[in-house]
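# Survey of secondary and tertiary structure
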Amino acid sequence: MSLSRLTVTAVRNLHAVTLSPSPRINILFGANGSGKTSVLEAIHLLGLARSFRSVRLQPVIQHETSACTVFGQVELGGGARSQLGVTRERQGDFQIRIDGRNVRSAAELAETLPLQLINPDSFRLLEGAPKLRRQFLDWGVFHVEPRFLSAWVRLQKALRQRNSWLRHGTLDGASQAAWDRELCLASDEIDAYRREYIQALKPVFEQTLRELLELEGLTLSYYRGWDKEKPLSDVLAASLLRDQQLGHTQAGPQRADLRLRLAHHNAAEILSRGQQKLVVCALRIAQGHLVSQAKRGQCIYLVDDLPSELDEHHRRALCRLLDELNCQVFITCVDHDLLKEGWRDETPVSMFHVEHGRITPHPVHQE
Ligand SMILES: Nc1ncnc2c1ncn2[C@@H]1O[C@H](COP(=O)(O)OP(=O)(O)OP(=O)(O)O)[C@@H](O)[C@H]1O
Ligand SMILES: [Mg+2]
């Protein structure tokens, strides 16, 4: 899968533009503040209906304009294609369209346009809150296991019900027991999907990491969110009083985490910035491999400021791995000389110069 056309209107400082990206490597280069990250942000908006830079979408809309729009044509493989459009009005109205239909849920967009983002904030995947790692994990499970989404929706509903009961106690015991059974069933299902996914991810991650970094002894493990020896129903029963005091459910898949450890320490506390970036890249590239193997096809990589924090050796190793993924990749950098070389001869590489919000194609092999 790849974006064969991208039209961006009124996103940040970008002038209205239509691009025909390469199905493989796309390099956006230009000075600080020229609009490179904004292009990635526009693609992110198209795939997830949200930004990765700000929680709200208001700041993404160009000053003095009433709405921003991103339109994309996605090649799905075998000649099939899909047209996606996302519009966000300053007043707050949101419109998502897939092949002419209005769509309410961003999950449908995510299914059509699976994105992997690697940016200077990515190290937060290691040192940030467990929620970030759960999102990472669930992104992968969502794309390889079609039954995951409905189990996840069931879990959220049962959990909301239980938390409300813990706080207000409005439901009778028998009805709440039925909700608890539903909660445990959905939890076991989600745990099984996540566990299976991690089992598949681990060897691919380890192999990818070996190709990027000499780092012995880094381990990736999965914590399911409650004692692995006990059924969730027992854990919930044992912690009922405390849950009531706190007003929410402490144990369950909503507390799952991924643990990356090195020599008995949390990896984030030991690794250098560059090493952290490479570990996150290895995780995201490993995910890309698993999604490519699954029926739904490949994902698209957005790599913001690829060269930062990497020496030449590691930069080349990362480019080689991105090249071998056979996915579409959008890379930003300030100095394009750093990324001009090193791609396989058969890999189509396109370059775009971004200057004060204007994007122009740039020849790759001649200056
Ligand atoms: N809502 C907006 N409307 C117009 N311009 C905006 C808006 N939000 C941000 N900008 C400007 O748009 C530009 C966006 O820059 P962006 O972050 O995409 O640059 P960049 O090329 O990635 O730079 P760097 O190399 O520093 O990362 C900045 O100059 C910023 O001041
Ligand atoms: Mg930037």
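Remember, predicted model here, so these are calculated numbers, not experimental data.

## Points about the domain arrangement of the protein chain
- Split into domains, the protein chain comes out as domain 1 (1–114 + 302–367) and domain 2 (121–296).
- Averaged C-alpha coordinates put domain 1 and domain 2 at centres separated by 29 Å.
- Taken together, the 19 residues of domain 1 in the interface contact 18 residues of domain 2.
- When the two sides are added together, the surface that domain 1 and domain 2 hide from each other amounts to roughly 1500 Å², 68% of it contributed by carbon and sulfur.
- The interface formed by domain 1 and domain 2 holds one salt bridge in total.
- The partner of Glu309 in a salt bridge is Arg273, and the shortest N-O contact between them spans 3.2 Å.
- For the pair domain 1 and domain 2, the number of links is four residue pairs in polar contact (both at pLDDT 80 or more).
- Secondary-structure elements contributing two or more residues to the side of domain 1 that touches domain 2 are α2 (106–112) and α11 (312–324).
- No other element matches α11, which puts seven residues into the side of domain 1 that touches domain 2.
- Classifying every residue of the side of domain 1 that touches domain 2 by side-chain character gives twelve nonpolar, two polar and five charged.

## A closer look at unusual backbone geometry
- A positive phi is found at Asp305, a non-glycine position, where the angle reads about 55 degrees.
- One can find Asp305 in the loop between β12 (300–303) and α11.
- Using a relative accessible area of 27% as the deciding quantity, one classes Asp305 as partly exposed.
- A positive phi angle, close to 45 degrees, is found at His356, a residue other than glycine.
- Relative to the assigned elements, His356 resides in the loop between β14 (349–355) and β15 (358–362).
- A residue is classified by how much of its surface remains accessible, and His356, at 68% relative accessible area, is exposed.

## Observations regarding the site of ligand 1
- Gly33, Lys36, Thr37, Ser38 and Arg53 are the nearest of the 15 residues found near ligand 1.
- At a separation of 3.0 Å, an oxygen atom of ligand 1 approaches a polar side-chain atom of Asn32.
- Contact distances for ligand 1 include 3.0 Å between an oxygen atom and a backbone N or O atom of Gly35.
- Surface burial for ligand 1 is 70%, taken as the share of its 660 Å² of free accessible area covered by protein chains.

## What to know about the packing of aromatic side chains
- By the definition in use, this model includes zero aromatic pairs.
- The ring of Phe123 carries the charged tip of Arg273 above its face, separated from the ring centre by 3.9 Å.

## A few points about the side chain of Asp191
- In this fold, Asp191 is placed in helix α6 (residues 173–212).
- For Asp191, a relative accessible area of 2% gives the class buried.
- Reaching out from Asp191, the side chain makes a polar contact with the side chain of Arg224 at a distance of 3.2 Å.
- Asp191 has contacts with Tyr222, Arg224 and Trp226, leaving out every residue within four places of it along the chain.

## Some thoughts on the sheet that holds strand β10 (residues 257–262)
- One open sheet accounts for three strands, arranged β9-β10-β11; its pairing is antiparallel. Strand pairing shows two members of the sheet lacking a second neighbour, β9 (218–223) and β11 (265–266), which therefore form its edges.
- Bridge count for β9 against β10 is six bridges, and the pairing is antiparallel. In the sheet register, Leu220 faces β10, and the bridge partner there is Leu260.
- Its contacts with the sheet put helix α4 (residues 130–144) on β9 and β10, and the angle it makes with β10 is roughly 105 degrees.
- Relative to β9, α6 is tilted by about 170 degrees, and along the sheet it contacts β9 and β10.

Cut-offs and rules
- Residues numbered from 1 in each chain as written.
- Chains lettered and ligands numbered in written order.
- Predicted model: local features only at pLDDT ≥ 70, side-chain atom pairs only at ≥ 80, totals over all residues.
- Heavy atoms only, no water.
- Domains from an automatic or database assignment.
- Contact = heavy atoms within 4.5 Å.
- Buried area = accessible area lost by both parts, 1.4 Å probe.
- Salt bridge = Lys/Arg side-chain N within 4 Å of Asp/Glu carboxyl O.
- Polar contact = N/O pair within 3.5 Å; in protein donor to acceptor, adjacent residues only side chain to side chain.
- Helix = DSSP H or I, 4+ residues; strand = E, 2+ residues; numbered from the N terminus.
- Nonpolar A, V, L, I, M, F, W, Y, C, P; charged D, E, K, R; others polar.
- Buried < 20%, exposed > 50% of the residue type's maximum accessible area, 1.4 Å probe, protein only.
- Near = heavy atom within 4 Å.
- Areas by Shrake-Rupley, 256 points an atom, 1.4 Å probe, with all protein chains shown as cover.
- Phe/Tyr/Trp six-rings, centres within 6.5 Å; stacked < 30°, edge-to-face > 60°.
- Lys NZ or Arg CZ within 6 Å of the ring centre and 35° of its normal.
- Pairing = 2+ DSSP bridges.
- Axes fitted to C-alpha atoms, helices over the stretch in contact; angles between N-to-C directions.

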